[in-house]
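# A structural walkthrough
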Amino acid sequence: MTRPDDARRAILRAIRENLARGEASRPDPLPGGSPPDPLPLRAGSSQGVRTLFTEQLAAVGAQCTPVCGEAEAGRALARTLAGVHARRVVGSDAPLVQRLLHALGDGFVLEPLDRLSRDELFACDAGVTTAQWGIAETGTLVLESAREKSRLLSLVPPTHVVLLSAGCICESLGDALARVSVASHAITLITGPSRTSDIELTPVVGVHGPQTLHVLLLEEA
Amino acid sequence: MSFERSARAALADEQLRGALRRATTLFGERRRAAMATLPDWEGARDRARAIKDETLLHLDRYLEEFTANAERAGARVHWARDAATACEIIGRIAAERGARTVVKSKSMASEEIHLNAALAARGLEPVETDLGEYIVQLAGEGPSHIVAPAIHKTRGQIAALFAEKLGVEPSDDVAALAAAARQTLRRRFAEADLGISGVNFAVAETGTILIVENEGNARLTTTLPRTHVALMGIEKVIPRFADLEVFLELLPRSGTGQRMTAYQSLLTGAKRRPDDEGPEELHIVVLDNGRSAMLASPVTRQTLACIRCGACLNACPVYRQIGGHAYESVYAGPIGAVLSPQLFGLARSSELPYASSLGGACRDVCPVKIDIPALLLHLRAEVVGRRAGKGGVLERLAFSSYAAVMARPRLFEWVMRAARMLRILPPIGAWTKFRDLRPLAPRSFREQWRAGLRDQAAP
């Protein structure tokens, strides 16, 4: 067994020697460093971008309800949760999510995220989070771990309800990649519910992750 | 068993061929529909290939940059020259943490190094959690397709397998089968203390690894256990974060015909604060296992541009008939036929470069424009070059005589006349084993031509 540093040196040496055999001279690497600054939000979350986003959400099997202001968002959240017969609900630490959940009223059991065991989390019916960005061209939601504890809630319960500010819809994946920050150790891109086609290429939703993905698209009141 | 014999066995399996025909046709249709949603498909292919070429020419530099940035973000990077070392590293990580249940998401590199067998030998129980991989693991098989591991199985076969292994009611309902797998695997996720994943792209600029999937099992694997081990070949690195865009445009469209798969996880190091979500440790194992040798020529180097989308399998007239298992390698289809001999040695897979019609469908669908037919010819030349002894002498003699005859018109005519009279066909056994060679015409064109002139001149 070689020492770890030996393996690293040996692989790098093998790469250099083999490249030297194939190329008389190696051109200089492309100018490295950071990618160009993000373009200004194309069409700035205009009506067209918003329409494209909601169309793509529908195309990938996600539901979308536009809401105006927090009060309407709260009512839509209650309707959405009732619609999937969710009782045990767990929300992220985002202040907006916490405010909406605590205004939900009777009929729901609010589970505390930071004290849930794995088994208790698996028993939850719905997870509620925000998303930091949307991507219009693909109907994608972008969740950044540095902004909110949303990794498990957006994944484990059978229903995921997402609050997204309508002003945060990027046109393309490239726009979104230019905006996210790797200060987040986990950035998750979500496009529709969990799905598989592993048996006879027949689509099934909800295999490991949520079966239902519902976006509440929030316009400022 | 040789490729020839296993291919024959596959050809006789009607159920297998039906499953393959339906699946590969559907994959092809979905891919074409998805391609149309990208305005400049050709431009995206060229751009992706240029990025890969640039990376491979400076692979040492980009790997070092990736390592430095991943470690700065809190990951531990391990280097493995070969399969045994990679298994040893991962086995030791598991042992040191007292891991018992190991959950795995799909990783072709882990199949390549036979990681599951190595972990089982240490008393661990690795559980495949991708539905297709779970099915083939239950069946005691390997994957037969890069993207859809259980593509060779019908729902009836899977229903029978689940009834036997999981004790569930046999059901032909695909949703019920998926639900049974979800329920069983949730229990394994609940107790897992180590998660092992593959890597689709590794970004040098940020030290980020990206994992592409649809089911959510890779997210569970990389979020729930305390320790996450990601296994990547040295060729997975790309220079910049912004380069991810073009690859995420090409990979889902080429692989499954989706504009975007359900989930992409971009992971940069381990969690930063104690109360963050996710594993406490991220170990990244960088695997060579024969890859660096492919850098030695521009022809073989392009093998490392592959992003494992599986489009060439679905387009290949050979794969479509025989499926993945006949290749007797974890990598099947056109890319498998060029990858396997280079990774595992020509001696072990000398037949694979011939498992192609050289029609070029694989090259046409490849999102990074790998010239697979050129690679196949290159490898065939190597096979022939290595063949020493009697066969080689006879072959050289045959070709030098052929060259001598073809260069002399008189001699050619004489030889052909003799061949027609004696009804001799050239002794090209390997060629005529699977193909019919038309018998020589009773009269050559020249003879007919001369006779025709005489006939016309007669009246």
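Note that this is a predicted model, so its numbers are computed, not measured. Sequence order as written defines the numbering, with residues in each chain counted from 1. Chain A is the first chain written and ligand 1 is the first ligand written, with later ones labelled in order. Local features are withheld for residues below a pLDDT of 70 in this predicted model, meaning they are given only at 70 or higher, and side-chain atom pairs are given and counted only at 80 or more; totals for whole chains, interfaces and linings count all residues.

What counts as a helix is a DSSP run of H or I of at least four residues, what counts as a strand is a run of E of at least two, and both are numbered from the N terminus. Along the backbone of chain A there are six helices and twelve strands. Residue pairs qualify as contacts under a 7 Å threshold applied to their C-beta atoms, which are placed from the backbone. Within chain A, counting contacts between residues at least 6 apart in sequence, those at least 24 apart form 74% of the total.

Now for the interface of chain A and chain B. Contacts between the two partners involve 58 residues from chain A, matched on the other side by 74 residues from chain B. Listed by contribution, the elements that provide at least two residues to the side of chain A that touches chain B are α1 (4–22), α5 (118–122), α6 (173–179), β9 (186–190) and β10 (195–196) of chain A. The leading source of residues in the side of chain A that touches chain B is α1(A), at 13 residues. When β9(A) meets strand β9 (residues 263–268) of chain B, the two strands line up antiparallel, connected through five bridges. Of the residues in β9(B), the one forming a bridge with A:Ile190 is B:Tyr263. Strand pairing follows a simple DSSP-based rule, namely that at least 2 bridges must link the two strands.

Another point: α1(A). When the terminal C-alpha atoms of α1(A) are compared, their 28 Å separation across 19 residues agrees well with the 27 Å that a helix rising 1.5 Å per residue should span. Residues with at least 20 other C-beta atoms within 10 Å of their own are called buried, those with 12 or fewer are called exposed, and the rest are partly exposed. The C-beta atoms themselves are positioned from the backbone. Within α1(A) the residues assigned to the buried category are A:Ala7, A:Arg8, A:Ile11, A:Leu12, A:Ala14, A:Ile15 and A:Asn18. With its buried residues spanning 150° around the axis, α1(A) presents them on a single face. Facing away from the buried side of α1(A), by more than 90 degrees, are the exposed residues A:Asp5, A:Asp6, A:Arg13 and A:Arg21. Residues of α1(A) that are buried sit in contact with α4 (59–72), β1 (76–80) and α5 (83–96) of chain B. Each helix should span, by expectation, one fewer than its residue count multiplied by 1.5 Å. The directions from the helix axis to the C-beta atoms are what the arc is built from.

Residues and elements named next belong to chain B. What fixes the domain bounds is an automatic or database domain assignment. Under the domain assignment used here, chain B contains domain 1 (1–33 + 306–387), domain 2 (38–289) and domain 3 (406–457). Here domain 1 and domain 2 have C-alpha centroids that lie 23 Å from each other. Taken together, the contact between domain 1 and domain 2 spans 24 residues of the former and 27 residues of the latter. Among the elements that line the side of domain 1 that touches domain 2, the one with the most residues is helix α2 (residues 14–35), at nine residues. Of the residues assigned to the side of domain 1 that touches domain 2, the class counts are 15 nonpolar, five polar and four charged. Note on residue classes: Ala, Val, Leu, Ile, Met, Phe, Trp, Tyr, Cys and Pro are nonpolar, Asp, Glu, Lys and Arg are charged, and everything else, Gly too, is polar.

Moving on to the sheet that holds strand β2 (residues 101–104) of chain B. Residues and elements named next belong to chain B. Taking strand neighbours across the sheet as the criterion, the six strands line up as β1-β10-β7-β4-β2-β3 in an open arrangement whose pairing is parallel. Each end of this open sheet is capped by a strand with a single partner; those strands are β1 and β3 (125–128). Taken pair by pair, the neighbouring strands of this sheet meet at an average axis angle of 25°, ignoring direction. Pairing between strand β7 (residues 227–233) and strand β10 (residues 281–287): seven bridges, direction parallel. Bridge pairing in β10 places histidine 228 opposite leucine 282. Packed onto the sheet, α4 meets β1 and β10 and runs at close to 145° relative to β1. Helix axes are fitted only over the stretch in contact, all axes being lines through C-alpha atoms; the angle between N-to-C directions runs from 0 to 180 degrees. Those strands touched by α5 are β1, β2, β4 (194–197), β7 and β10, and its axis lies near 170° from that of β10.

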